[in-house]
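Fold and geometry: a report
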Amino acid sequence: MSGGGVYVVLPIFIAEIADNGVRGALSSMAMMYVSMGVVIGFALASYLSYYLMPCIIVALPAIFMLSVIGLRETPQYLLKHGRDGEAERSYYFYKNLTPPAPNDKEAAHHDAAKMEFDTFRLQVLSGGVTQSITWRDFFNVPTIKIFGLIFVLIICNQLSGSFAIFNYTSHIFAELGNKLDPNTCTIVVGAAQLFGILCAVILVDRLGRRVLLLTSMAGMGLGELAIALLKICCSPEFLEENGWLPLVVMCFIAVIASVGVISLIFIIIIELLPAKIRSLGTSLSMATFSAFIFVSLKIYPTMIYDEGLPATMFMSSGMCLFGFIVLGLYLPETKNRLMTH
């Protein structure tokens, strides 16, 4: 429950305090740290006892709480609740601006920082954030289209295997005759995933969200198709002689999935949603996202163990193709979109 709350609040918080030029990078960085935690977890689990692990990990939430307890609320939230004075101080804090001198009202009126905040305030309030949310805010054509895109984004993110497939890395290696240590391979794939997200952090505000997402979806589909074809077309002798090949393909999938499908889903959802319903819309989207994580973790074991690895990979590759077509046709570029509307 607490983890689910973090996945709702954290992307909104980052998006609201970040400048447009670095919003994508900072939001992708959140997923980079998630992947770092996964890699560290893989590594520690290989060398530490089951009972020692929680004793080490429990320190991290405590450090996190102490680190963020003094942070201010976001300016958008404070303006929404009519706390303009606190919103102005919060805006100066997060934008690293020097507030105008309080004793010189005339100078303060013409201060550049003050004028910047006043412009920001008008933009936020013009988005209708102070008005009550009604069902009409959700049931209109533009918003329904947005939620339709978000739904496609979520089902393609999960049913393409971007989450579930990495839970069965060891099984996939065993199916493809890889003789390397399963724990070592899992750590290598986790490191590849981390590298992919680092690439997303560097590229997302340069190339935009749309290009990276579509490239990621196409590459992931091709990688999963390659795994299916390796299992179907290659003899056990060939796979045994070329045990490195499955590891290379899995690392490719980890990198290319992390460049867009894994790293950009939260920031795209937040940038698509109108400011007035962003918090509630993000909560609904994350609840749907969590539900599909549950669905994918139920589907994939059944598919892999009952239908076989090739059928599972063909299904995942097909979802990537579906997402590539639908999102390629209808998903707009959200880079540099104002968070006040």
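Not measured: the values here are computed from a predicted model.

Some remarks on the environment of serine 132
- For serine 132, the position within the fold is in the loop between helix H8 (112-126) and helix H9 (141-159).
- Relative accessible area serves as the criterion here: at 62%, serine 132 is assigned to the exposed category.
- Linking serine 132 and valine 201, residues 69 residues apart in sequence, is a C-alpha distance of 36 Å.
- Those residues in contact with serine 132 that lie beyond four places of it in its chain are Asp137 and Lys276.

With respect to the nonpolar core
- Core analysis: the largest hydrophobic core is formed by 68 residues, its most contacted members being Phe166, Val189, Ile227, Met250, Ile268, Ile269 and Leu327.
- Sort the elements by how many residues they give to this core and helix H14 (residues 244-259) lands first, with 10 residues.
- Apart from the residues within four sequence positions on either side, valine 189 is in contact with Phe166, Thr169, Phe173, Leu247, Met250, Cys251 and Ala254.
- Leu79, Ala87, Phe117 and Val124 belong to the second-largest nonpolar core, a separate cluster that totals nine residues.

Describing the domain arrangement of the protein
- According to the domain assignment, the protein contains domain 1 (72-127) and domain 2 (136-330).
- Once you take the C-alpha centre of each, domain 1 and domain 2 turn out to be 40 Å apart.

Regarding the pattern of salt bridges
- This model, assessed by the stated rule, comprises nine salt bridges.
- Linking aspartate 118 and lysine 114 is a salt bridge whose minimum nitrogen-to-oxygen distance equals 3.7 Å. In this pair, aspartate 118 and lysine 114 both sit in helix H8, four residues apart, roughly one turn of the helix.
- On the basis of relative accessible area, aspartate 118 is assigned to the partly exposed category, the value being 30%.
- You can call lysine 114 partly exposed: its relative accessible area is 22%.
- Put simply, Arg23, Asp205, Arg209 and Glu271 are held in one network by salt bridges that share partners.

Notes on the UniProt feature "transmembrane region" (unreviewed entry) in the protein
- This chain's UniProt record puts "transmembrane region" (unreviewed entry) on residues 25-45, 51-71, 146-166, 186-204, 211-232, 244-273, 280-300 and 312-331.
- Across residues 186-204, the secondary structure splits into 100% helix and 0% strand, with the terminal C-alpha atoms separated by 26 Å.
- Structurally, residues 211-232 is divided into 100% helix and 0% strand, and its ends, taken at the C-alpha atoms, are 32 Å apart.

Quick notes on the packing of H9 against helix H16 (residues 278-307)
- Running from N to C, H9 and H16 point in directions that differ by 30°, and their axes come no closer than 9 Å. As far as their axial angle goes, H16 and H9 are roughly parallel. By crossing handedness, the relation of H9 to H16 is classed as right-handed. Counted together, Phe147, Ile150, Phe151, Ile154, Ile155, Asn157, Gln158 and Leu159 of H9 and Gly281, Ser285, Thr288, Phe289, Phe292, Ile293, Ser296, Ile299 and Tyr300 of H16 form the full contact between these two elements.

Regarding the side chain of serine 285
- Position of serine 285 relative to the elements: it lies in helix H16.
- Residue serine 285 is classed as buried on the basis of its relative accessible area, which comes to 3%.
- Side-chain polar atoms of serine 285 contact the backbone oxygen of glycine 281, separated by 2.8 Å.
- Filtering out sequence-adjacent residues up to four positions away, serine 285 remains in contact with Phe147, Ile150, Ile154 and Ile269.

Conventions we followed
- Each residue is numbered by its place in its chain's sequence as written, counting from 1.
- It should be noted that, the model being predicted, local features are given only for residues of pLDDT at least 70 and side-chain atom pairs only at 80 or more, the latter also being counted only at that level, while totals for whole chains, interfaces and linings use all residues.
- To obtain the side-chain values, all non-hydrogen atoms of the structure were used and water was disregarded.
- Helix numbers and strand numbers start at the N terminus; a helix is a DSSP run of H or I with at least 4 residues, a strand a run of E with at least 2.
- Throughout, exposure labels follow a simple rule: accessible area from a 1.4 Å probe, protein chains only, divided by the maximum for the residue type, with under 20% read as buried, over 50% as exposed, and the rest as partly exposed.
- Whether two residues are in contact is decided by their heavy atoms: any pair within 4.5 Å suffices.
- Nonpolar core, defined: a set of buried Ala, Val, Leu, Ile, Met, Phe, Trp, Tyr and Cys residues in which side-chain atoms within 4.5 Å join the residues together.
- Just so you know, the domain bounds were taken from an automatic or database domain assignment.
- For this document, the term salt bridge refers to a Lys or Arg side-chain nitrogen within 4 Å of an Asp or Glu carboxyl oxygen.
- UniProt positions are given in the numbering used here, feature names are shortened, and annotations may be inferred rather than shown by experiment.
- For helices, the fitted axis covers only the stretch in contact; all axes are lines through C-alpha atoms, and the angles between them, taken along N-to-C directions, range from 0 to 180 degrees.
- Oblique is the label for any angle not covered by the other classes, which are roughly parallel (under 35 degrees), roughly antiparallel (over 145) and roughly perpendicular (65 to 115).
- Note on convention: the crossing is left-handed when the near helix lies turned anticlockwise from the far helix by less than a right angle, right-handed when the turn is clockwise.
- Under the rule applied, a polar contact is a pair of N or O atoms within 3.5 Å (in protein, one hydrogen donor and one hydrogen acceptor; residues adjacent in sequence only if both atoms are side-chain atoms).

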